[in-house]
Amino acid sequence: MGKQNDPCWVIAQKDIRDALHDRFIILVTGFLMIASLTALTVAAIALHTDVATYTDAVKTLLALGKSVDVIAAPEFYPLRLLRGFVEHTQIIGAVLGILLGYRAAASERGHQTLALMLTRPISQSQFLWGKIQGAILLLGAGLSAVFLVVGVAVYGISGVGLSAMDGVRLLLVLLAALVHTLLFFLLGFAAALWSRHLPHALLFAFTIWLALVLLAPQIGDTLDPDNQVAGGVFKQLDIEKPHQIEILKSFATYETIRTGIEALSPTKHFERFSFAVLGIKETYAGRPLWPILEEKTGDILWLLGLLATLSGLLFVCRLNTQKLTQE
Amino acid sequence: MHITTEIGSVNTLTTITRQAIINSLRDQTVVILVLLFLILVLVSAYLGWSATTTVNMIYLHSAEFLVAHDRPVPPNPVLDTSPLVLLRNMATYVSLIGALAAIVVGYQTIAGDRKAEVLPLLGSRPLIQKHYGYGKILALTIMLLGLVAIAALINTLAFMLLPEFTLDATGWLRLGAFYLTSGLYLLVFGLLGLACASYARSESVALLVPVTCWLIFTFVLPQLTSNINPVAALNPVSALADPPESTFFQITGILLGPVSLAEAYRLISAQLLDFLPPDYVSHSAIAPIWSLLLAGVGLHFTAIWAIARMDMARGAYHG
């Protein structure tokens, strides 16, 4: 059977056509691109300010006849400019996934075509796989376009060309972003497929989005003792790192709960992976890629495991067409 | 005759307001979001208490360590802070879930009628469209202020149950002012949702435009004015980092600061709840409270205008 006659491919093609007619998907992708470019520009300006401050300080020290070794030169890693971009991808990308998932199910339910489709000689699995295929292609194309534009913009803004290894790092983060966004696609899709009332599905998906993308990381971050006091509690108390670790041993349960709340969020795993691979987190800047990947395997497995679980649930549960036509 | 007309207007206004409130309270979407917000209000008090207690314990452990090593012991940072700091997460939850709930309540206040296709019926009655608009805005204001009042009650109970955090008269006044500001902030987003629900032809546009505006206010504008990354904007302490000393941030602060509503609300909250760093300088051209007040007044008139131009003969969304 040729690809053109494959029911999954036919469904995927139709979904892509419908989604492109629906301006929202293009608009939200455009919004993600604008927000990302804004973040990148602002990061470059902030870095430029740091460099200017350093240059002024060096001039002052030299004029005073002192050594410039007393101040640390700002280190420049072009990929570190992408912090805001990664954060926008995790927040707005998830919204994009939910809207695409909701639309994929709602369009069939709204036109009463879902029950009709399932009376044709295609299985539920073929229908679902067709929808997922369409989403992978749409999200993959949208995210690739955003990553490409941002990658070119890093070069344009910083004037430093990205190496092949930088390209590989960006590609890995793009793949992780695709998995993360697909998770939210499945959430929006499943909610709209199973909910009795469509508006409730959108609300449910957005509530989960709030909880997983914004609240869980926020609670984990806010509970961090070092984030309670401006500048950090240990810095204010002038306690060195080894002693900080020693003191924090007495708060192991608190730390377990705090990191446990953070770990519930797939977004946090995406962020940890991306910040490490791109060297945005200081401890990973300039480190070779392979050891980082080894260290961050857990985060990527967590994302893939959740994707497999959600997909599995979607394929295992039978669709109640009677309920769907009542909408 | 004049008095009869006025009584009729008041009755119409009361009927529309009451009906809008009843309809919203029956809507599961609104109820779930409001419940989620109230749960987070409770969580906020717990988080504040838990985090503050932990920092205090860390200080005590650190002090023991410093004494053992003959090093000077700095003052306890917890004692430097006001008990109101316990509620610092409230500012984040109001600007996240509170604003989203307000958008949905505002949207539902008008969309409920449009989806039920009752506008043609209302249009056939001797109803002045302006009164319909005032009734809806009044209903929205009552619902949002009610929500803030419940949140205030929860937090008041939290303060009464935690004897180690006591407030003096000034503290209670500051807390009251914080809730009034929160009410104003929610009203801004509620009016935005209401205006979009009235103006838009399609239901999805009516919901997505205010949500996109919320994303811009919360995550994009603070980045442009103060270099606050999206995730840092979620942390009440990190979100108050000083903007870099640069002409760019000074200009964007002056130009965009007045419309950076989430930032304005965060600043006012930090001032009222006593956790604004003393050396923090805002570059905005106007005081943050003016940003919120002007946005509230502007959106009030926009909502009235959007309702006035609604086609009462059709009303329903196209898609």
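Residues numbered from 1 in each chain as written. Chains lettered and ligands numbered in written order. Predicted model: local features only at pLDDT ≥ 70, side-chain atom pairs only at ≥ 80, totals over all residues.

Draft legend 1. A look at the overall build of chain A. Counting secondary structure elements, chain A contains 14 helices and 0 strands. Overall, chain A shows an N-to-C arrangement of helices and strands of α-α-α-α-α-α-α-α-α-α-α-α-α-α. Oriented by its inertia axes, the alpha-carbon framework of chain A measures out at about 85 × 50 × 35 Å. By the burial criterion, 40% of the 327 residues in chain A qualify as buried. For chain A, restricting intrachain contacts to residue pairs at least 6 apart in sequence, the fraction spanning at least 24 positions comes to 83%. (Helix = DSSP H or I, 4+ residues; strand = E, 2+ residues; numbered from the N terminus. Buried ≥ 20, exposed ≤ 12 C-beta atoms within 10 Å, placed from the backbone. Contact = placed C-beta atoms within 7 Å.)

Draft legend 2. The arrangement of the overall build of chain B in detail. Each helix and strand counted, chain B has 10 helices and 0 strands in total. Element order for chain B, N to C, with α for helix and β for strand: α-α-α-α-α-α-α-α-α-α. Counting only C-alpha atoms, chain B reaches 85 × 50 × 40 Å along its principal axes. The buried share of chain B, reckoned over its 319 residues, is 45%. Taking as baseline every contact in chain B between residues at least 6 positions apart, the subset at least 24 positions apart corresponds to 85%.

Draft legend 3. Looking closely at the packing of helix H7 (residues 203-226) of chain B against helix H8 (residues 247-256) of chain B. Residue and element names in this part refer to chain B. Where H7 contacts H8, the axes come no closer than 7 Å and their chain directions differ by 135 degrees. For the element pair H7 / H8, the angle class is oblique. Residue-level inspection shows Leu221, Leu224, Thr225 and Ser226 of H7 in contact with H8, the latter providing Phe249, Thr252, Gly253 and Leu256. Residue classes in the contact of H7 with H8 are distributed as 4 nonpolar, 4 polar and no charged. (Axes fitted to C-alpha atoms, helices over the stretch in contact; angles between N-to-C directions. Parallel < 35°, antiparallel > 145°, perpendicular 65-115°, else oblique. Nonpolar A, V, L, I, M, F, W, Y, C, P; charged D, E, K, R; others polar.)

Draft legend 4. Layout of the packing of helix H5 (residues 124-158) of chain A against helix H6 (residues 164-194) of chain A. Residue and element names in this part refer to chain A. Relative to each other, H5 and H6 sit at 140 degrees, their axes nearing to 9 Å. Relative to H6, H5 is oriented oblique. Seen along the crossing, H5 lies across H6 with a hand that is right-handed. Touching Lys131, Ala135, Ile136, Leu139, Gly140, Leu143, Ser144, Phe147 and Gly151 of H5 are Leu170, Leu174, Ala177, Leu178, Thr181, Leu182, Phe185 and Phe189, all from H6. (Left-handed = near helix turned anticlockwise from the far one by under 90°.)

Draft legend 5. Region of interest: the environment of Val42 of chain A. Mapped onto the elements of the fold, Val42 of chain A is located in helix H2 (residues 23-63). The exposure class assigned to Val42 of chain A is buried, which follows from the 24 C-beta atoms found within 10 Å. In this structure the C-alpha to C-alpha distance between Val42 of chain A and Asp6 of chain A, which are 36 residues apart in sequence, comes to 47 Å. If sequence neighbours within four positions are ignored, Val42 of chain A has contacts with Gly84 of chain A together with Gln223, Leu224 and Asn227 of chain B.

Draft legend 6. Looking closely at the nonpolar core. Ile98, Leu100 and Ala205 of chain A together with Ile103 and Tyr107 of chain B are the most contacted members of the largest nonpolar core, which totals 179 residues. With near-sequence residues (within four places) excluded, Tyr107 of chain B lies in contact with Gly193, Leu194, Cys196, Ala197, Ala206, Leu207 and Pro210 of chain B. (Core = buried A, V, L, I, M, F, W, Y, C linked by C-beta atoms within 7 Å.)

Draft legend 7. Up close: the interface of chain A and chain B. Listed per partner, the contact involves 42 residues of chain A and 42 residues of chain B. Contributions of two or more residues to the side of chain A that touches chain B are made by H2, helix H3 (83-110), helix H7 (198-223), helix H8 (233-237) and helix H9 (241-248) of chain A. Considering each element in turn, the side of chain A that touches chain B owes the most residues, 12 residues, to H7 of chain A. Residue composition of the side of chain A that touches chain B, grouped by class: 25 nonpolar, 13 polar and 4 charged.

Draft legend 8. Spatial organisation of unusual backbone geometry. Residues and elements named next belong to chain B. Positive phi values are uncommon outside glycine, yet Glu117 reaches one of about 55 degrees. Counting through the fold element by element, Glu117 comes out in the loop between helix H3 (88-115) and helix H4 (119-123). A positive phi angle is found at Asp274, which is not glycine, with a value near 70 degrees. In this structure, Asp274 sits in the loop between helix H9 (261-272) and helix H10 (288-308).

Draft legend 9. Spotlight on the environment of Phe251 of chain A. Assignment of secondary structure puts Phe251 of chain A in the loop between H9 and helix H10 (252-263). Between the C-alpha atom of Phe251 of chain A and that of Ala104 of chain A, which follows or precedes it by 147 residues, the distance is 46 Å.

Draft legend 10. Layout of H7 of chain B. Compared with an ideal rise of 1.5 Å per residue, which puts 24 residues at 34 Å, H7 of chain B spans 35 Å between its outermost C-alpha atoms and is within 8% of the ideal. Along its length, H7 of chain B reaches its greatest deviation from straightness, about 35 degrees, at Phe217 of chain B. (Expected span 1.5 Å × (residues − 1). Bend = angle between axes of the 7 residues up to and from the residue.)

Draft legend 11. A look at the environment of Ala303 of chain B. Residues and elements named next belong to chain B. When you line up the elements, Ala303 lands in helix H10. Classification of Ala303 as buried rests on a count of 27 C-beta atoms within 10 Å. Expressed as a C-alpha distance, the spacing of Ala303 and Ala313, which sit 10 residues apart in the sequence, is 19 Å. Excluding residues that lie within four positions of it along the chain, Ala303 makes contacts with Gly133, Ile137, Leu191, Leu194, Ala195 and Ser198.

Draft legend 12. Summary view of the confidence of the model for chain B. Looking at chain B as a whole, the pLDDT averages 86, with 96% of positions reaching at least 70. Interface confidence for the predicted complex, given as ipTM, is 0.82, next to a pTM of 0.86. (pLDDT = per-residue confidence, 0-100.)

Draft legend 13. Structural context of the confidence of the model for chain A. Residue-level pLDDT values for chain A average 86, and 93% of them are 70 or greater. The secondary-structure element of chain A with the lowest mean pLDDT is helix H14 (residues 321-325) of chain A, recorded at 60, while helix H11 (residues 266-277) of chain A shows the highest, at 96.

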